[in-house]
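# Breakdown of the fold
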Amino acid sequence: MGAFKKEKCEAIQECSEKKVKAYIICVWSFLVSMAGGLLLLWWDYEYHPTNSQLWLVPFGLILFVTPVIACFAVVVSEACNYKVDDDKSQKTSGLDV
């Protein structure tokens, strides 16, 4: 019975560590996206009337959009490669090309 409790505790700890890592990644992605949006707003306020410092626009767009694209790619990747739990063969439902 002690081994079962130990395994259960380890599983809970592993699960909570994964949740913390996912939360940290989510916060950093949000901060990067927020920095890109704020950079675009600042450029619009400060430099848009004179159309100077145009290099800030693509840089801000990259910062603003990249976390969204990365999150979308991770979600699609997990959806396409889930493991089948009821089968002992550990097949994945990957796309056959």
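Residues numbered from 1 in each chain as written. Predicted model: local features only at pLDDT ≥ 70, side-chain atom pairs only at ≥ 80, totals over all residues. Heavy atoms only, no water.

Further remarks concern the overall build of the protein. When its secondary structure is counted, the protein shows 2 helices and 0 strands. Put simply, the protein has 97 residues, and 9% of those count as buried. Of the roughly 8500 Å² of accessible surface on the protein, 69% is carried by carbon and sulfur atoms. (Helix = DSSP H or I, 4+ residues; strand = E, 2+ residues; numbered from the N terminus. Buried < 20%, exposed > 50% of the residue type's maximum accessible area, 1.4 Å probe, protein only. Areas by Shrake-Rupley, 256 points an atom, 1.4 Å probe, with all protein chains shown as cover.)

We now examine the packing of aromatic side chains. All told, the structure shown has 2 aromatic pairs when counted by the stated rule. Seen from their ring centres, Trp 42 and Tyr 47 are 5.3 Å apart, and the 90 degrees between their planes marks the pair as edge-to-face. Ring geometry for Trp 55 against Phe 59: centres 6.3 Å apart, planes inclined by 50 degrees, an arrangement best described as tilted. Note on Trp 55: relative accessible area 53%, which makes it exposed. Taking relative accessible area as the criterion, Phe 59 reaches 43% and is therefore assigned partly exposed. (Phe/Tyr/Trp six-rings, centres within 6.5 Å; stacked < 30°, edge-to-face > 60°.)

The next subject is the side chain of Ser 33. For Ser 33, the position within the fold is in helix 1 (residues 2-46). Exposure remark for Ser 33: the relative accessible area of 13% places this residue in the buried category. Separated by 3.1 Å, the side chain of Ser 33 and the backbone oxygen of Phe 64 make a polar contact. Those residues within four positions of Ser 33 in sequence are excluded, and the remaining contacts are Leu 63, Phe 64 and Pro 67. (Polar contact = N/O pair within 3.5 Å; in protein donor to acceptor, adjacent residues only side chain to side chain. Contact = heavy atoms within 4.5 Å.)

On the surface, Val 20, Tyr 23, Ile 24, Val 27, Trp 28, Phe 30, Leu 31, Met 34, Leu 38 and Leu 41 cluster together into a nonpolar patch covering about 1000 Å² of accessible area. Along the polypeptide, Trp 28 turns up in helix 1. (Patch = residues over 30% accessible without salt bridge, like charges linked within 9 Å, V, L, I, M, F, W, Y side chains within 5 Å. Salt bridge = Lys/Arg side-chain N within 4 Å of Asp/Glu carboxyl O.)

With respect to the secondary-structure elements, Pro 67 resides in helix 2 (residues 56-80). In this structure, the C-alpha to C-alpha distance between Pro 67 and Ser 33, residues 34 residues apart in sequence, is 6.4 Å. Not counting residues within four places of it along the chain, the set of residues in contact with Pro 67 comprises Ser 29, Val 32 and Ser 33.

In an α-helix, one turn spans 3.6 residues, which is why side chains three or four residues apart end up on the same side. For helix 2, built from 25 residues, the straight-helix expectation of 36 Å at 1.5 Å per residue is met to within 8% by its first-to-last C-alpha distance of 36 Å. Its maximal kink placed at Val 65, helix 2 deviates by approximately 30 degrees, while the proline Pro 67 follows within four residues. Of all the positions in helix 2, only Leu 56, Gly 60 and Pro 67 are classed as buried. (Expected span 1.5 Å × (residues − 1). Bend = angle between axes of the 7 residues up to and from the residue.)

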